[in-house]
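Structural characterization, general
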Amino acid sequence: MSEEKKSQVTQAFYTQTEDAVFQAVDSSAEGLTNAEAQKRLNEFGHNELEEGKKKSMVVKFFEQFKDFMIIVLLVAAIISAVVSHEIVDSAIILLVVVINAIMGVFQESKAEQAIEALKKMSTPNANVLRDGHTLSVKSTDLVPGDIVLLEAGDVVPADLRLIEAASLKIEEAALTGESVPVEKTITVLDVEDIGIGDRINMAYSNSNVTYGRGKGVVVNTGMSTEVGKIANMLAQADETETPLKNNLNQLGKFLTIAIIVIAIIMFIVGTAVNGTSAVDMLLTSISLAVAAIPEGLPAIVTIILALGTQVMAKRNSVIRKLPAVETLGSTDIIASDKTGTLTLNQMTVEKMYYDNKQHSADEAIAADNMALKVMNYANDTKRAQDGSLIGDPTETALVQYGLNHDFDVDKVVATEPRVAELPFDSDRKLMSTIHQMADGKYLVAVKGAPDVLLQRANRVLLNGQEVAMTTEEKEAILFNNTDMAQQALRVLAMAYKYVDAIPSELATETLENDLVFAGLVGMIDPERKEAAEAVRMAKDAGIRPIMITGDHKDTAKAIAVRLGIIEADNDAGVLTGAELNELSDEEFAKVVPNYSVYARVSPEHKVRIVKAWQQEGKVVAMTGDGVNDAPSLKQADIGIGMGITGTEVSKGASDMVLADDNFATIVVAVEEGRKVFSNIQKTVQYLLAANLGEVLTLFIATLLGWDTLLPIHLLWINLVTDTFPAIALGMEPAEKDLMKHKPRGRNSNLFSGGVLSSIIYQGILEGGITLFVYWFALEFPVHTLANTAATKLEVLQHADALTMCFATLGLMQLFHAFNVKSIHQSLFKVGPFLNKAFNAAILLSFALMAVIILVPGLNDIFRVSHLDLYQWATVVGSSFAIIPIVEVVKAVQRSMGRE
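It should be emphasised that the depicted structure is a prediction, and the values quoted were computed from it without experimental measurement.

1. A closer look at the pattern of salt bridges
In the structure shown here, the tally under the stated rule is 31 salt bridges. Among the ionic pairs, Lys215 bridges to Glu164, the shortest N-O distance being 3.4 Å. Taken as a pair, Lys215 in strand S7 (residues 208-220) and Glu164 in strand S4 (residues 159-171) lie far apart in primary sequence, 51 residues in all. Lys215 gets classed as buried once you look at its relative accessible area, which sits at 17%. Between Lys447 and Glu395 there is a salt bridge, with its nearest N and O atoms 2.7 Å apart. Of this pair, Lys447 sits in strand S16 (residues 442-448) while Glu395 sits in helix H15 (residues 393-404), placing them 52 residues apart in sequence. The class for Lys447 is buried, based on a relative accessible area of 6%. Within this structure, Asp26, Glu36 and Arg40 form a network of salt bridges that share partners.

Written out as structure tokens, the structure reads:
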């Protein structure tokens, strides 16, 4: 039994001075001794994430039996075996339930791996100060108070309060969603309520050092880190009930109540009116109740969902949890992370400004353009062996722009090598490199913040000529800088000068003055090309796209406008995390419909946003790829992870993974989800109309004293004849304009859209026609005294009537399967034979019906007799009659709808 670990101090360390932080964690700039580190390791435990409890296969299997519909089936099986002694019926029902459970476990066999993946993200080693020496220790052995050394390429091993930062930049996209690395300082912050992305004196576990070096004191490890908090949120997140699960539960309750009511009425009428014994009527009522349950429905729904997963997999949507297929179809809100989902997560040059004019990144640019030259020279990007660019995303974007315009910096620098540099730092906001020219002079290339660089420039390069920097020129540069910044572009300025010798002391005062302004460059993490079209399609389908990001408000708004999520003049449509903190859950619930863009948000904010929409009764899909998205992915009705750029954490927390990371694929998946629900509705309509027909046939026949259908007949129709067409209905193609309808929402159910009324009148039709055929067979029998011995006459007439009744009900349900291809549209408009699987299913079911009537031996088991052509004609004609009758009803419904 593991001993209880000491809890760690959780404070806003970013608001504290260095001395206060050291005091809080009981350490110093020299670090800990090995003995003290070991003592704290015993106290606080290892710097790792706790694994969540994993469910065994047995637990997963039995969890499949929690659905109300399954419980109803199990009760029916027990009653059938104990009271009615129908062991075969019970065995078949149990078999169906078990197969359904096995399929459910198979589809969900991949256990929750989010926390395990978070654990795997940890860096294996960290450089720390202990006993006055720098040691490399396992990151899992870090403790609060350790001093950690950071350099470019490191993964931050724990949550650190920085005490040194030399040009330090850390990429925190996985935690904040912000694609641009954050420049770190050791400045004490005076605002306590700020997001992770604005805590510039902190370095958080699992973020990546992209530039510079630094030193920090460990303030939190393991589950007390920000990543640990996310892991804890994941473990505590509630599993949301899917709309389909709710619908099936509602259906189960409805059927149970209806069946009990019918059985009670039948019992009362049978005993009070017909004088039948209570025991006989109890057995008859129970048989009726068992017959009324659509035993195959849960398994058929599972199969339809499984077929949907196969279709979606071919269209780049990998389904991890079966009900997610259908949930997509009811989606009202798609809340998407910006970075890497709606955008490329790749900084890209979009605009250049030189010669008093803005140029798009696609325009040709001369190889000797000084702005192009400077942005590549004052740049620390490295080239990997495979040709990829390594370094700060901003700098790699500049080099990539050069490569796109045939400017290969490696080749050019080989002729004008870098001989000295003044590295970037966040105080002066500039970076300078010095290059030796062929004529013996030196080129000083400077890039940095436009406002700072302009103060150091006294000339400007215009059309190849260096001219004095006038007030008008400076105003024009500042105007274009502002214009690009308002488009959410990250703007850098480039300048240069030539010197005869390298200054003896490299400092900003000696090097970065009397510069020639060369130009501006504007960069952005651009939106995916297909994302805007996907947003438009989502809106056409009545779905509201929401952008959630850790990025700045202006950047978020600009991307949202470009994607069509909000209008350009809609400033009120953007809410920041700080503003959200000011709102209680009740206040936020009132205003949540007003916002479509959320900026500078934390993982907790994302969960609040998803919950707020869910409280509005909306079905929420959340897309994301970072660690920070995992809790909200799990909270959402359907979490959508990214297959390529997504972390294992986000994929583990999701219900569906996009294999191509394409936001547009979501819209395709929504269409498939809508089709699946529509097809499940068709299956429910088909099966329940059939069961209602059976119940009415039995109920009325019992009241009239007729002996129509046997339990084995009902089981054969319910579990064999009906099953194949029901599954095939799940493979029907999508109806036209499916994506022009509004989402059906959380409150709709399987009976919505005219399904319930269709079930009722079509079930009455099936029962009525079946009873008519039974009556007809008795009133106009084939066997008469003229051709049959008197002793066998009644038996043969009843056998014929029973067989014709059974055959009519079975075949009529096959014909009726064509009717349910559309609730309101004519069969001939939707196309009766487009679904090849359906055609095959109808033929197979027809053959199965015919076999047990025609094949000797089988007809004895099912207690049916051979029919002649006259009787078959009666059966087929009566069965087919349901198609023209339903077509007439549909025509009347459409006519009334138009009026």
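That was the structure; now back to the text.
2. Considerations on the packing of aromatic side chains
Working definition: an aromatic ring pair is given by the centre-to-centre distance plus the angle between the planes. With the rule as written, the count across this model stands at 11 aromatic pairs. Between the aromatic rings of Trp706 and Tyr774, the centroid separation amounts to 5.3 Å while the plane-to-plane angle is 40°, which identifies the pairing as tilted. Of the two residues, Trp706 is situated in the loop between helix H27 (663-704) and helix H28 (711-721) and Tyr774 in helix H30 (residues 755-779); the sequence distance between them amounts to 68 residues. A relative accessible area of 26% means that Trp706 is categorised as partly exposed. Relative to Phe838, the ring of Phe818 lies with its centre 5.0 Å away and its plane at 90°, an arrangement referred to as edge-to-face. Of this pair, Phe818 sits in helix H31 (residues 790-819) while Phe838 sits in helix H33 (residues 836-854), placing them 20 residues apart in sequence.

3. Side note on the sheet that holds strand S25 (residues 638-642)
Spatial ordering of the open sheet is given by S8-S26-S25-S24-S9-S21-S23-S22, a layout of 8 strands whose pairing is mixed. Either end of the sheet is taken by a strand with one partner, and the two such strands are strand S8 (317-319) and strand S22 (574-576). Across the sheet, the axes of successive neighbouring strands diverge by a mean angle of 20°, strand direction being ignored. Direction of pairing for S8 relative to strand S26 (residues 656-658): antiparallel, over a ladder of 3 bridges. The residue of S26 that forms the bridge with Ser317 is Leu658. Sheet strands in contact with helix H11 (residues 297-314) are S8 and S26, and its direction is about 150° off that of S8.

4. Section: the nonpolar core
In terms of nonpolar packing, the biggest core is built from 133 residues, with Leu251, Phe517, Met547, Ile565, Met656, Ile680 and Val684 touching the most fellow members. When residues of this core are assigned to their parent elements, the largest contribution, 13 residues, is made by H27. If we ignore the near neighbours within four places in the chain, the residues touching Ile565 are Leu342, Val535, Lys539, Pro545, Met547, Ala560, Ser596 and Val597.

5. A word on the side chain of Arg608
Checked against the element boundaries, Arg608 lands in helix H24 (residues 603-615). Within the structure, the side chain of Arg608 is placed 2.9 Å from the backbone oxygen of Leu583, a separation counted as a polar contact. When near neighbours in sequence (up to four residues on either side) are disregarded, Arg608 contacts Leu580, Asn581, Leu583, Ser584, Asp585 and Phe588.

6. Structural notes on the packing of H27 against H30
Running from N to C, H27 and H30 point in directions that differ by 40°, and their axes come no closer than 7 Å. By the angle between their axes, H27 is oblique relative to H30. Helix-helix and strand crossings are classified by hand; for H27 and H30 the assignment is right-handed. Taking contact as the criterion, the partners of Gln681, Val684, Gln685, Leu688, Ala689, Ala690, Leu692, Gly693, Leu696, Thr697, Ile700 and Ala701 in H27 are, on H30, Val755, Ser758, Ile759, Ile760, Gln762, Gly763, Ile764, Glu766, Gly767, Thr770 and Leu771. Its residues placed into classes, the contact of H27 with H30 shows 13 nonpolar, 9 polar and 1 charged.

7. Points about a nonpolar patch on the surface
Where nonpolar side chains cluster on the molecular surface, the patch consists of Phe254, Leu756, Ile760 and Ile764 and spans about 340 Å² of accessible area. With respect to the helices, strands and loops of the structure, Ile760 is situated in helix H30. According to the relative accessible area criterion, Ile760 is partly exposed, its value standing at 40%.

8. Section: unusual backbone geometry
Despite not being glycine, Ser167 has its phi angle at roughly 50°, a positive value. With respect to the element layout, Ser167 can be found in strand S4. According to the relative accessible area criterion, Ser167 is buried, its value standing at 17%. We note that Lys429 has phi near 60°; this positive angle belongs to a residue other than glycine. In this fold, Lys429 is placed in the loop between strand S14 (418-425) and strand S15 (430-436).

9. Quick word on a negative patch on the surface
On the surface, Glu192, Asp193, Glu579 and Glu582 cluster together into a negatively charged patch. As for its placement among the helices and strands, Asp193 is situated in the loop between strand S5 (182-183) and strand S6 (202-203). Residue classification places Asp193 among the partly exposed residues on the basis of a relative accessible area of 41%.

10. Some words on the side chain of His435
As for its position among the elements, His435 is in strand S15. Residue His435 is classed as buried on the basis of its relative accessible area of 1%. Side chain to side chain, His435 and Thr433 meet in a polar contact 2.9 Å long. Excluding its chain neighbours within four sequence positions, the residues that come into contact with His435 are Tyr377, Glu416, Pro417, Arg418, Val419, Lys441, Tyr442 and Leu443.

11. Description of H27
Since there are 3.6 residues in each turn of an α-helix, residues three or four apart along the chain are aligned in direction. In a regular helix each residue adds 1.5 Å, so 42 residues correspond to 62 Å; H27 covers 61 Å between its end C-alpha atoms and thus fits that length. Counting buried positions along H27 gives 34 out of 42 residues, so the element sits mostly inside the fold. Directly beyond the C-terminal end of H27, a positive phi value near 80° is found at Gly705.

Criteria and cut-off values
Residues numbered from 1 in each chain as written. Predicted model: local features only at pLDDT ≥ 70, side-chain atom pairs only at ≥ 80, totals over all residues. Heavy atoms only, no water. Salt bridge = Lys/Arg side-chain N within 4 Å of Asp/Glu carboxyl O. Helix = DSSP H or I, 4+ residues; strand = E, 2+ residues; numbered from the N terminus. Buried < 20%, exposed > 50% of the residue type's maximum accessible area, 1.4 Å probe, protein only. Phe/Tyr/Trp six-rings, centres within 6.5 Å; stacked < 30°, edge-to-face > 60°. Pairing = 2+ DSSP bridges. Axes fitted to C-alpha atoms, helices over the stretch in contact; angles between N-to-C directions. Contact = heavy atoms within 4.5 Å. Core = buried A, V, L, I, M, F, W, Y, C linked by side-chain atoms within 4.5 Å. Polar contact = N/O pair within 3.5 Å; in protein donor to acceptor, adjacent residues only side chain to side chain. Parallel < 35°, antiparallel > 145°, perpendicular 65-115°, else oblique. Left-handed = near helix turned anticlockwise from the far one by under 90°. Nonpolar A, V, L, I, M, F, W, Y, C, P; charged D, E, K, R; others polar. Patch = residues over 30% accessible without salt bridge, like charges linked within 9 Å, V, L, I, M, F, W, Y side chains within 5 Å. Areas by Shrake-Rupley, 256 points an atom, 1.4 Å probe, with all protein chains shown as cover. Lys, Arg positive; Asp, Glu negative; His and termini not counted. Charge placed at Lys NZ, Arg CZ, Asp CG, Glu CD. Expected span 1.5 Å × (residues − 1).

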